[in-house]
Amino acid sequence: MKTEALLRDPGFQLNLLLWMAREQPAQAYVVRPLFHELGFDLLYIERPFDMPEELAGVIAAKGLDINVKPEPDVLLRRDSDKKALYIETKASAFSAASSNAKQARGHLLAAGPAFAEVMRPLRQCLLCYVVPDGGESSMDACLTNLRDELTRSGLQPGPHSVHGLKLNGTDLVYAWDAAFRDHTGSTDDSVAILHYVNDDTDPSPLFLVYCDQDYPDPERQDLCRHALQNQVHAALLCELSLTPIDAVYVRTLDQLLQATTDGIFQYIGGARQKSMRHLIRDNIFKRIFAFWREKEPGLVRLEERTITVQFRDAAQQEAFLDWLEDCKRTDFKVTTPPPEEVPLLNMMESQSGN
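Residues numbered from 1 in each chain as written. Predicted model: local features only at pLDDT ≥ 70, side-chain atom pairs only at ≥ 80, totals over all residues. Heavy atoms only, no water.

(A) Looking closely at helix 7 (residues 136-152). With 17 residues, helix 7 should cover 24 Å at 1.5 Å per step; its first-to-last C-alpha distance of 24 Å lies within 8% of that length. Among the residues trailing helix 7, Gly 154 stands out with phi positive, at a value near 85°. (Helix = DSSP H or I, 4+ residues; strand = E, 2+ residues; numbered from the N terminus. Expected span 1.5 Å × (residues − 1).)

This is how it looks when you write it as structure tokens:
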């Protein structure tokens, strides 16, 4: 992927932030854990922020163009001083006249006094917009204009900060402003967070969370889906190869996704969790069940979120694992699954119990 496109990639941007918030070895990190070094930990990923009822009522009464359920990409907390970072990524800066302004107004209000009201015991929040290099000043101007607009409407927006992603040779550098330094206590204004980045860099190994936004490039639309499925597929192969004969292997979707995202799954908003479950259930669990229910009845059982496998002998286990390994290259689709069909799902669950 071209480096310019990489810095604008929604899946890459989101997962980069997650690595920056994860504890990692000081001399062997994947992405420098800047936020963790500053004392911040994950709180939420893509969960809607519910405005206080009174504030939402004022917004409705005034007919203001404000999203009353804004959804930050990442929300971080620091328990030592009850501070938070409310982070939103964008492929490029935008203006106050953009359709993105409705969401930005919501973010600004969420980062104001409303934050302490909704997110107790956290007390102070900083809205951080992350954009590719060159868009920082435009993004700051936009947010400043929107803050002034909200203030004139009698509302109380919170403070904001603008961060940039840029390449310095083959180093990916994350840069920030004085507002971020003041809020976090950082003494720097930029750090290299990822090394050896070039046009041949494959971002998929960094993906902890599936991003269901389509890519402008049709050839890369399935990138995040493929990355997540590969991780789940690898986990199944590993665990099933270690399963003793006659032992019952039972895994839920949530257990596998929690393991393959290194614990990140628990922080994800409900809508994204649902889409990840749907992807793995339809593209992996159902595919496994559909193939083996006729070939080896009773080997695989499938319920709504749980797959059960029990090998009767070593030959059956070997045949199953060989097939599962081959499926990675041939049979597992990576496109977005169709909408859930409840009658069909119920029918399959009934069959799985036979």
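After presenting the structure, the write-up continues.
(B) Main features of the packing of helix 9 (residues 223-241) against helix 12 (residues 314-327). Axis separation between helix 9 and helix 12 bottoms out at 11 Å; the angle between their running directions is 165°. In terms of their interaxial angle, helix 9 and helix 12 are classed as roughly antiparallel. Considering how the two elements wind past one another, helix 9 and helix 12 form a crossing that is left-handed. Contacts between helix 9 and helix 12 pair His 233, Leu 236, Leu 237, Leu 240 and Ser 241 from the former with Gln 317, Phe 320, Leu 321, Leu 324 and Glu 325 from the latter. For the contact of helix 9 with helix 12, the per-class residue count stands at 6 nonpolar, 3 polar and 1 charged. (Axes fitted to C-alpha atoms, helices over the stretch in contact; angles between N-to-C directions. Parallel < 35°, antiparallel > 145°, perpendicular 65-115°, else oblique. Left-handed = near helix turned anticlockwise from the far one by under 90°. Contact = heavy atoms within 4.5 Å. Nonpolar A, V, L, I, M, F, W, Y, C, P; charged D, E, K, R; others polar.)

(C) Representation of the sheet that holds strand 2 (residues 74-78) within the structure. With mixed pairing, the 7 strands of this open sheet are ordered in space as 1-2-3-4-5-6-7. The outermost strands of the open sheet, each flanked by one partner alone, are strand 1 (41-45) and strand 7 (190-194). Direction aside, neighbouring strands of the sheet carry axes that sit 30° apart on average. Looking at chain direction, strand 4 (residues 124-132) and strand 5 (residues 160-168) are connected through 6 bridges and run parallel. Looking across to strand 5, one finds that Val 130 is bridged to His 163. Along the sheet face, helix 5 (residues 101-110) touches strand 3 (83-89), strand 4 and strand 5 and points at about 145° away from the line of strand 4. (Pairing = 2+ DSSP bridges.)

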